Amino acid sequence: MDGLTIHEAAETTGWSPRMLRYLESVGLIEPPRNGAGYRIYGAGELQRLRTLRELLDRHGLGPSDVAFAKRLHDETELEDAVARWLEEKAHKPEDVGSSDWLDYEQRKHQKLLAA
């Protein structure tokens, strides 16, 4: 199988081997493995890495931003939940007085942090 090892690919692309492993773990690249189980980076994988870097630079993103966008693309339930949250406005619970709303929210956050 022709291609570069992870260290050769890192040197060629400017990504670190650790970042290449991260990009694979979040599904942004899928380098095949040779018979011994080593990742092999061919022309297709190198192109994906180049175009990913261009995408990140052009839009001021980090790899985790694109990884999250991929999750949104792949997981419709997550996409729907995020869309609902973005559209939803803050509203005071009916059983909480206006003057108590701040305290109510602070207690909820403290309980969440304690858990």
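For the structure given in this document, a descriptive report is provided here. All of these numbers come straight from a predicted model, not from anything done at the bench.

**Overview of the packing of aromatic side chains**
Then, number 1: Evaluated as defined, the whole model comprises zero aromatic pairs.
Then, number 2: Taking the ring centre of Trp-15 as reference, the NZ or CZ of Arg-53 above it sits at 4.0 Å.

**Some remarks on the pattern of salt bridges**
Should the charged atoms of two oppositely charged side chains come close, the side chains can pair.
Then, number 1: With the rule as written, the count across this model stands at six salt bridges.
Then, number 2: As a salt-bridge pair, Asp-74 and Lys-70 come within 2.5 Å of each other at their nearest N and O atoms. Here Lys-70 and Asp-74 lie together in helix H4 (residues 63–74), a separation of four residues that amounts to about one turn.
Then, number 3: On the accessibility criterion, Asp-74 (45% relative accessible area) is partly exposed.
Then, number 4: Linking Glu-75 and Arg-71 is a salt bridge whose minimum nitrogen-to-oxygen distance equals 3.3 Å.
Then, number 5: Judged by relative accessible area, Glu-75 falls into the partly exposed class, the value being 33%.
Then, number 6: On the accessibility criterion, Arg-71 (42% relative accessible area) is partly exposed.

What counts, and at which threshold
- Residues numbered from 1 in each chain as written.
- Predicted model: local features only at pLDDT ≥ 70, side-chain atom pairs only at ≥ 80, totals over all residues.
- Heavy atoms only, no water.
- Phe/Tyr/Trp six-rings, centres within 6.5 Å; stacked < 30°, edge-to-face > 60°.
- Lys NZ or Arg CZ within 6 Å of the ring centre and 35° of its normal.
- Salt bridge = Lys/Arg side-chain N within 4 Å of Asp/Glu carboxyl O.
- Helix = DSSP H or I, 4+ residues; strand = E, 2+ residues; numbered from the N terminus.
- Buried < 20%, exposed > 50% of the residue type's maximum accessible area, 1.4 Å probe, protein only.

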